[in-house]
Every structure is written in C-alpha cells, then in structure tokens.
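These are the residues of each chain, in order.
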Amino acid sequence: MLINSETIIKDTDELIRRRSVDVELPVSDEDRQLLMDMLKYVDESTIPEIAEEKKLQPAVGISAIQVGVPKKMTAVILKDEEGNKVVEYALVNPKMISNSIEKAYLDTGEGCLSVAEKHEGYVYRSARVKVKAYDLLQEKEILIKADGYLAIVLQHELDHFKGVLFYDHINQKDPFYQDPAAQIIE
Ligand code: CO
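Residues numbered from 1 in each chain as written. Predicted model: local features only at pLDDT ≥ 70, side-chain atom pairs only at ≥ 80, totals over all residues. Heavy atoms only, no water.

Undergrad: Tell me about helix H1 (residues 29-45), residues and numbers included.
TA: In this model H1 runs 24 Å from its N-terminal to its C-terminal C-alpha over 17 residues, within 8% of the 24 Å that 1.5 Å per residue would give. The complete set of buried residues in H1 reads Asp31, Leu34, Leu35, Asp37, Met38, Leu39, Tyr41, Val42, Asp43, Glu44 and Ser45. (Helix = DSSP H or I, 4+ residues; strand = E, 2+ residues; numbered from the N terminus. Expected span 1.5 Å × (residues − 1). Buried < 20%, exposed > 50% of the residue type's maximum accessible area, 1.4 Å probe, protein only.)

Undergrad: Break down helix H3 (residues 148-161) for me, citing the residues and quoting the values.
TA: For H3, the tally of buried residues reaches 13 of 14 residues, placing the bulk of the element in the interior. Just beyond H3, the residue with positive phi is Gly163, at close to 75 degrees.

Undergrad: So what's going on with the coordination of the cobalt ion? Which residues, and what values?
TA: At 2.1 to 2.3 Å from the cobalt ion lie its protein donor atoms, namely Cys112 (SG), His156 (NE2) and His160 (NE2). Written as a sequence motif, the donor residues of the cobalt ion are C-x43-H-x3-H. Of the two residues, His156 and His160 both sit in helix H3, four residues apart, roughly one turn of that helix. What makes His156 buried here is its relative accessible area of 9%. (Donors = N, O, S within 2.8 Å, 3.2 Å for Na, K, Ca; no water.)

Undergrad: A description of the pairing of strand S7 (residues 140-147) should follow, citing residues and the corresponding values.
TA: Strand direction decides the pairing type here: strand S6 (residues 128-135) and S7, joined by eight bridges, are antiparallel. Its bridge partner being in S7, Asp135 is matched across the sheet by Lys140. Count of turn residues in the S6/S7 antiparallel hairpin: four residues, of which Glu139 carries a positive phi of about 55 degrees. (Pairing = 2+ DSSP bridges.)

Undergrad: Describe in detail the pairing of S6, supporting the description with residues and values.
TA: Here strand S3 (residues 85-99) pairs with S6 via six bridges, running antiparallel. Bridging from a neighbouring strand, Asn99 pairs with Val129 of S6.

Undergrad: Pulling in residues and values, what's your account of the sheet that holds strand S8 (residues 183-185)?
TA: Strands belonging to one sheet form pairs held by backbone hydrogen bonds; the direction of such a pair is parallel or antiparallel. Here we have three strands laid out as an open sheet, ordered S5-S4-S8, and mixed in their pairing. Both outer strands of the open sheet, strand S5 (125-126) and S8, are each paired with one neighbouring strand and no more. Of the pairings in the sheet, the one linking strand S4 (residues 103-106) to S5 comprises two bridges and is antiparallel in character. In the strand pairing of S5, Ala104 is matched with Arg125.

Undergrad: Tell me about the sheet that holds S6, and please be specific about residues and values.
TA: Within the open sheet, the five strands sit side by side as S1-S2-S3-S6-S7. Their pairing is antiparallel. Two strands bound the open sheet, and with one partner strand each, they are strand S1 (61-63) and S7. With strand direction ignored, the average angle separating the axes of adjacent strands in the sheet is 35 degrees. In terms of strand pairing, strand S2 (residues 73-79) meets S3 through seven bridges, oriented antiparallel. (Axes fitted to C-alpha atoms, helices over the stretch in contact; angles between N-to-C directions.)

Undergrad: Account for the environment of Tyr89, naming residues and giving values.
TA: Looking at the secondary structure, you find Tyr89 in strand S3. Of the residues examined, Tyr89 reaches a relative accessible area of 15% and is grouped as buried. Residues within four places of Tyr89 in sequence aside, it is in contact with Leu39, Thr74, Ala75, Val76, Asp135, Leu137, Gln138, Ile142, Ile144 and Leu150. (Contact = heavy atoms within 4.5 Å.)

Undergrad: How would you sum up the environment of Gln155? Please name residues and give values.
TA: Positionally, Gln155 belongs in helix H3. Gln155 gets classed as buried once you look at its relative accessible area, which sits at 8%. Along the backbone, Gln155 and Ser98 are 57 residues apart, and their C-alpha atoms lie at a distance of 11 Å.

Undergrad: Talk me through unusual backbone geometry; I want residue IDs and the actual numbers.
TA: Note that the residue after Leu25, namely Pro26, is joined by a cis bond; omega there is -5 degrees. Inspection of the secondary structure puts Pro26 in the segment before H1. Here the phi dihedral of Asn93 falls at roughly 50 degrees; this positive angle occurs in a residue that is not glycine. Assignment of secondary structure puts Asn93 in strand S3. What makes Asn93 buried here is its relative accessible area of 18%.

Spelled out as structure tokens, the structure:
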C-alpha cells in the first residue's frame, strides 16, 4: 500500500474513531505486507531526502487505522541523533498488560500523522508500561517493558485501536496543567 501524506487518513474522517479488531494469527500475507509498508513509512519518514521526495511527514509510529484498516497493527521506530535505529517493532495485536500509576508527559506535547491542526497542551500517560505483542520482525511473541519516550509512543499508538487521539487527553480548561508528581520527558 502506498502510504504518504495523501493516503493517511486525518481526524476529519470518522474512520479514525473506529475501533480496531484483533489480527488473525498466523499473520496473513496481506496483513504482513501492510505492516511492513507501515514500518517502511516510519523508517523513511525520518530520512530527509526520501521524506521530501515521497511526501512523508516524520513519525515515530503509525497504526493501521491511520491508513484506513481497523486492525491492531502498529509500527514503531525510534532513532538516535545519528539516525541509527534504537527501537524497531512491527507489532501485531499489542496489548497493554500493566501500566504504572505514576504519570509522564512530553514537554513538547504530542503530534500525530492524522492530526493536522495544532492541539497544544500536556498529554498525561503512564510513565511505565508492559506491552505484550506478536512482533513480525522477530516472528515471535514478545514482552516490551517500556518507560520514557517509548512508553508514551506505545500508549499513543494503542490509543488509535480505541479511536482515541492524543488531544482527547488534554485538559480543556488548563491545557498546560502541571502535575508535580508526573515525570517530564524532554
Ligand atoms: Co497518532
């Protein structure tokens, strides 16, 4: 599937609010291809020359519903400053099995490929999560214990399965409300 700024669905499309369903295992060729295309999108989106040529908006993650497929699949790639991948997952049916009471938020706020307008404010999430999933890259079930930025990214992506967008979490009355007990992620 061609994935770019023109094919990624936006929050103006009701489909973005649709709930995603479990992917049948073993993963079909069609689902596998889609998830690998999603992973490729995320990878290429942070390589400036390719991103410009293919009209890719930079991202660290994408979920299948964002290309109009309501299935529980998410691709995540985190890179260091040199552009080396430090985290790479192609997750099928990821499920959060536990999450900390302690909260965390990105001090820059969050963004999303499906959200064009600016929504400023802090998005409070759990500081630590455990996520169980089938990882297509390792071809096995894995347990991810995440904190910091990765924990935020995973929760953002898993929200997409429920049709939830990051700005749904922003305090409408006080978008920059600071909870002193929460971790600030820079
Ligand atoms: Co998003």
